[in-house]
Amino acid sequence: MIIINCAFVTIGVVGVPLLMRLYFLHGGNRKWLTSFTQSCGFPILIFPLTFLFAQSKLSTRKNDEISLSFWLEPKMFLSSAFFGVLFGASNFMYSLGLSYIPVSTSSLLFATQLCFIAFFSWLIVKQKFTAFSINAVVVMTIGSVLLGINTDGDRPVGVSKAQYLLGFLLTWGAAALAGLMMPLVELSFSKATRNITYASLLQFQFMLSIFATIVCVIGMLINKDFQAIPREANEFELGKAKYYIIIVATAVLGQLSVVGTVGVIVYASALFNGILTSVLVPVTGVAAVIFYHESFTGLKGMALALCLWGFCSYFCGEYKMMKKVVNNETPETIAEVETRLRTSDDHEEP
């Protein structure tokens, strides 16, 4: 399950920014629409949920009732609604920011969510820190500051310095909000009273996306995006058909990304999800340089190096900690590591 969800995160983290930037580069200008596409793909989850429901019904036919573990418990439903609102706000901030800055810059900036995840994980789920993890937080923060200094080197044509700085701050704010949400999601699942199944995970994500989509729909209605979509499609530089293909593809990849993110948090941890996202930063940056011929300035290269340095530092720290546990398997150390990993086994019913 961890491998599958990591694959979903990889597809979404790399694919969504590239598609969104393609939309903006060729005439798209609706920020609420791009926010909407990041969460509106939830109907595709109906198919796996229907299959899992039928499977649950068949497995409990002898008892003449469907197992309660299939359904999302009420407090988790309320949590998904709350996180959906936050997710919708984060999507809008990210979309608006990406309209002003290149994909490679946006990806490096959003990688700083690891710093926020680390801080909020320590604050909310009592994640323990080592010298290696602290080093990772510091160097990745420095990397993002370097990008903020680079307001002239990679500013897209037609974007003012003020707009570039706004894009920088909005993307960083979206990273901070995402960094807050992930430990809160981890905490919510750890407090669940029912057994956490993949069906309940998908239901949680389904409801989260619905509420995020509602937030974006309200913004689109206020901004009159629905009336503007047909006109924008007709004027799109790549053609009307490709306009709608980009919209649909972004929605599908965005949904896979969210499913993968929630899955990684449940089956591993919020901090591990932040590490995975940071690993994908070089992939997204290189892809943006290849497909969109974006500049890769010296400061951006330094920021990328610091990002990789932070990841390697964290990875080395985790490796050394696990090695110590293996060499000294006391009940206390084993219990500590099991608590940190927060695997699905922690959610067994009493």
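Each chain carries its own residue numbering, running from 1 in the direction its sequence is written. Reporting in this predicted model follows two pLDDT cut-offs: at least 70 for local features of residues, and 80 or more for side-chain atom pairs to be given and counted; totals over whole chains, interfaces and linings ignore these cut-offs and use all residues. To obtain the side-chain values, all non-hydrogen atoms of the structure were used and water was disregarded.

Trainee: Help me understand the pattern of salt bridges in this model?
Mentor: Side chains that differ in charge, positive against negative, can pair when their charged atoms come close. Think of a salt bridge as a Lys or Arg side-chain nitrogen and an Asp or Glu carboxyl oxygen that are within 4 Å of each other. Within this structure, the stated rule accounts for one salt bridge. As a salt-bridge pair, R30 and D225 come within 2.7 Å of each other at their nearest N and O atoms. Linking R30 in the loop between α1 (2-25) and α2 (31-37) with D225 in helix α10 (residues 225-235), this pair joins segments that are 195 residues apart in sequence. Accessibility expressed as a relative area gives 17% for R30, which makes it buried. The secondary structure listing takes helices from DSSP runs of H or I that are at least 4 residues long and strands from runs of E that are at least 2 residues long, numbered from the N terminus. Think of it in three bands: with a 1.4 Å probe and only protein chains considered, a residue is buried below 20% of the maximum accessible area for its type, exposed above 50%, and partly exposed in between.

Trainee: What should I look at first to understand the packing of aromatic side chains in this one?
Mentor: Between the rings of Phe, Tyr and Trp (Trp by its six-membered ring), a pair exists once the centres lie within 6.5 Å; its type follows the angle of the planes, with under 30 degrees stacked, over 60 edge-to-face, and the other angles tilted. All chains considered together, the criterion is met by 14 aromatic pairs. Here F77 and F211 contribute two aromatic rings whose centre-to-centre distance is 6.2 Å and whose plane-to-plane angle is 75°, an arrangement assigned as edge-to-face. You can see F77 sitting in helix α4 (residues 74-98) and its partner F211 sitting in helix α9 (residues 198-223), a full 134 residues away along the chain. The class of F77 is partly exposed, set by a relative accessible area of 35%. Residue F211 is classed as partly exposed on the basis of its relative accessible area of 24%.

Trainee: Hey, could you run me through the environment of T250 in this one?
Mentor: Checked against the element boundaries, T250 lands in helix α11 (residues 240-267). Sequence separation between T250 and T34 is 216 residues; the distance between their C-alpha atoms is 8.3 Å. When checking whether two residues touch, look at their non-hydrogen atoms; a contact exists if any pair is within 4.5 Å. Excluding residues that lie within four positions of it along the chain, T250 makes contacts with V16, L19, M20 and T37. Pairs of N or O atoms within 3.5 Å make up the polar contacts considered here, provided that, within protein, one atom can donate a hydrogen while the other can accept it, and that residues adjacent in sequence are counted only when both atoms are side-chain atoms. Here I246 takes part through its backbone oxygen, which lies 2.7 Å from a polar atom of the side chain of T250.

Trainee: Help me understand helix α6 (residues 113-124), please; the structure alone is not making it clear to me.
Mentor: Owing to its 3.6 residues per turn, the α-helix aligns residues three or four sequence positions apart on the same side. Given a helix with a known number of residues, its expected span is that number minus one, times 1.5 Å. With 12 residues, α6 should cover 16 Å at 1.5 Å per step; its first-to-last C-alpha distance of 15 Å lies within 8% of that length. Of all the residues in α6, the buried ones are Q113, L114, C115, I117, A118, F120, S121 and I124.

Trainee: For this particular structure, what's the right way to read the side chain of T261?
Mentor: Looking at the secondary structure, you find T261 in helix α11. Assessed through its relative accessible area of 18%, T261 is described here as buried.

Trainee: Looking at this structure, I do not really get the state of the cysteines. What am I missing?
Mentor: Note: disulfide means a covalent bond formed between the sulfur atoms of two cysteine side chains. Any pair of cysteine sulfurs within 2.5 Å is marked as a disulfide. Tallying each qualifying case throughout the model produces zero disulfides. Looking at the unpaired C40, the closest cysteine sulfur is the one in C216, lying at 8.6 Å. Note on C216: relative accessible area 0%, which makes it buried.

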